Amino acid sequence: MNKTMTLRSTLRLSALTLAASAALLTGVARAGEVEVLHWWTSGGEAKAAQALAATMKAKGHTWKDFAVAGGGGDSAMTVLKSRVVSGNPPAAAQIKGPSIQEWAREGVLTNLDDVAGPEHWDQLLPPQIAAGLKYKGHYVAAPVNVHRVNWLWVNTAVFKKAGIKPPTSWAEFFTAAEALKKAGVIPLAHGGQSWQDFTTFEDVALGVGGAAFYKKALVQLDPTALKSDTMKEVLTTFKKIKGYTDKNAPGRDWNLATAMVIRGEAGMQLMGDWAKGEFLAAGKTPGKDFECVASPGSAKDFSYNVDSLAMFQLKNAANAKAQRDLASALMSPDFQELFNLNKGSIPVRLNMNMDKFDACAKQSSKDFVESSKGGTLVPSIAHGMAVPSAVEGAMKDVVSQFWNSDKATVEDTMTKLVAAAKAQ
Ligand code: GAL
């Protein structure tokens, strides 16, 4: 009896061990490594990136973090180029807008239709956004969010102390800035890096010129709009803003500028809603500690910045499978919710439940839908959504030169913008 039991349990045990090793083997065969290049390294961004890593680990894959610090991603793009040129691309990289097409033309991206087709991405994404993720009709990138760029962030207590309300026009902005100055705080927290200068510039172009002017000048690159009375007013307003920033602004990272508003050293910041991720990571509450308002004059407009991960061709089959799982995970409702709650953005997937999101995200979601119906949804140039990267780089140089030099004139700058628009 004892013997039988022993035999039976031994058999059962070996059966169990066999099953377990088989499962383990299958697991090993299926699990892959997924290396993702991104520049999400600040407080809120890192939390969002961790959500992505956790999602992939839960699927049994190994996460290889390829984070290259530097807001706006300029450094990340330089590093990516050298990796791809050396024939060793990561599985995925944060690439967005027209750059997706530029990378696809190099023949290095992989076709994701085997994931996107069965999962109905065409029905789940706004058509304008889906089109940008495809090359010659095939998906080569997966989107994670929609950031709104034209936001102004305000420290509630600082504004209360100065006796002012969040500005809704550029005239009100300068009145508020004067009041903040008198109250002894830095009116506008700014980081003097070219993508941040341009973020401010495009906010002004939208607020002063409106969406139609913005599209004509900065998306269609129309020379008459680039050299017009409206552009004169845009440049003059833009330069006037500099007088309300502090002397330590040059070179400052965007999240350090956000921290100045969080601490109440500065009253406002013009920045996309990844700044909200910083406020939230610091334990602050919208509507109580800080306010989100559309950048002056742009309440009806929405300048968008969609983060996406473009996927590279991989030789290793297990890693390619992990890459497919990544693409699928990025579009899943659970991930879209978790990632965007941390990132400050809103889900890119349509018809998502917004119950867990705060008032800023709900406003953003409403404005995204309304602006797309009203023709006031515009792509952000500063964040790589509108023009070829060569044009973007040339325009950023012109705008930053104008911001930084006391000698640069409005007339010369407009002429230079027209030339930069031809840098293809
Ligand atoms: C943007 C990017 C955001 C955020 C920001 C600051 O270009 O789309 O996800 O990371 O830069 O780095």
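Right above here is the structure, for reference.
Residues numbered from 1 in each chain as written. Predicted model: local features only at pLDDT ≥ 70, side-chain atom pairs only at ≥ 80, totals over all residues. Heavy atoms only, no water.

A. Highlighting the pattern of salt bridges. Within the structure shown, the criterion is met by 15 salt bridges. We note a salt bridge from Lys 134 to Asp 122, for which the minimum N-O separation is 2.9 Å. Residue Lys 134 is found in strand 4 (residues 134–135), and its partner Asp 122 is found in helix 6 (residues 121–124); the two are separated by 12 residues along the sequence. Its salt-bridge partner being Arg 252, residue Asp 246 comes within 2.7 Å of it at the nearest N-O pair. This pair shows no difference in class: Asp 246 is buried, exactly as Arg 252 is. Overlapping salt bridges bring together Lys 96, Asp 307 and Lys 343 as one network. (Salt bridge = Lys/Arg side-chain N within 4 Å of Asp/Glu carboxyl O. Helix = DSSP H or I, 4+ residues; strand = E, 2+ residues; numbered from the N terminus. Buried < 20%, exposed > 50% of the residue type's maximum accessible area, 1.4 Å probe, protein only.)

B. Looking closely at the sheet that holds strand 3 (residues 92–94). On the basis of which strands lie adjacent, the open sheet formed by five strands has the order 2-1-3-13-6 and mixed pairing. Both edges of this open sheet fall to strand 2 (62–67) and strand 6 (141–143), since each of them pairs with a single strand only. Put simply, the sheet's adjacent strands are angled 20° from each other on average, direction ignored. The pairing of strand 3 with strand 13 (residues 308–311) spans three bridges and is classified as antiparallel. Within the sheet, the bridge partner assigned to Ala 92 lies in strand 13 and is Met 311. Docked against the sheet, helix 15 (residues 317–331) engages strand 1 (33–38), strand 3, strand 6 and strand 13, running at close to 155° with respect to strand 13. (Pairing = 2+ DSSP bridges. Axes fitted to C-alpha atoms, helices over the stretch in contact; angles between N-to-C directions. Contact = heavy atoms within 4.5 Å.)

C. Fine view of the sheet that holds strand 14 (residues 377–379). Strand order in this open sheet of three strands is 7-12-14, and the pairing throughout is mixed. With one partner strand each, in any of the chains shown, strand 7 (147–148) and strand 14 form the two edges of the open sheet. Strand direction decides the pairing type here: strand 12 (residues 302–305) and strand 14, joined by three bridges, are parallel. Residue pairing for strand 14: Tyr 304 is matched across the bridge by Pro 379. Packing against the sheet, helix 10 (residues 194–219) makes contact with strand 12 and strand 14, and its axis sits at approximately 75° to strand 14. Packing against the sheet, helix 17 (residues 359–374) makes contact with strand 7, strand 12 and strand 14, and its axis sits at approximately 105° to strand 12.

D. Region of interest: the site of the ligand. Near the ligand, the surroundings consist of 14 residues, among which Glu 45, Lys 96, Asn 305, Asp 307 and Lys 343 are the closest. Separating an oxygen atom of the ligand from a side-chain N or O atom of Trp 39 is a distance of 3.2 Å. For the ligand, the protein covers 100% of the area, taking 300 Å² as the surface of the free molecule. The class makeup of the residues in the shell around the ligand is four nonpolar, six polar and four charged. (Near = heavy atom within 4 Å. Polar contact = N/O pair within 3.5 Å; in protein donor to acceptor, adjacent residues only side chain to side chain. Areas by Shrake-Rupley, 256 points an atom, 1.4 Å probe, with all protein chains shown as cover. Nonpolar A, V, L, I, M, F, W, Y, C, P; charged D, E, K, R; others polar.)

E. View of the packing of helix 2 (residues 43–58) against helix 16 (residues 333–343). Contact geometry for helix 2 and helix 16: axes closest at 7 Å, N-to-C directions at 160°. Taken together, helix 2 and helix 16 sit at an angle that is classed as roughly antiparallel. Considering only the axes of helix 2 and helix 16, their crossing is right-handed. From helix 2, Gly 44, Glu 45, Lys 47, Ala 48, Ala 49, Ala 51, Leu 52 and Thr 55 reach across to helix 16, where they touch Phe 335, Leu 338, Phe 339, Asn 342 and Lys 343. (Parallel < 35°, antiparallel > 145°, perpendicular 65-115°, else oblique. Left-handed = near helix turned anticlockwise from the far one by under 90°.)

F. Here's a closer look at the packing of aromatic side chains. Tallied over the full model, the rule gives 17 aromatic pairs. Summarising the aromatic geometry, the rings of Trp 151 and Trp 153 are spaced 5.6 Å apart at their centres and angled 45° between planes, so their arrangement reads as tilted. You can call Trp 151 buried: its relative accessible area is 1%. In this structure Trp 153 comes out as buried when scored by relative accessible area, which is 0%. An aromatic cluster of at least three residues, connected via ring pairs, comprises Phe 198, Phe 201, Phe 238, Phe 402 and Trp 403. Taking the ring centre of Phe 402 as reference, the NZ or CZ of Lys 239 above it sits at 4.8 Å. (Phe/Tyr/Trp six-rings, centres within 6.5 Å; stacked < 30°, edge-to-face > 60°. Lys NZ or Arg CZ within 6 Å of the ring centre and 35° of its normal.)

In short, geometric facts, not functional conclusions.
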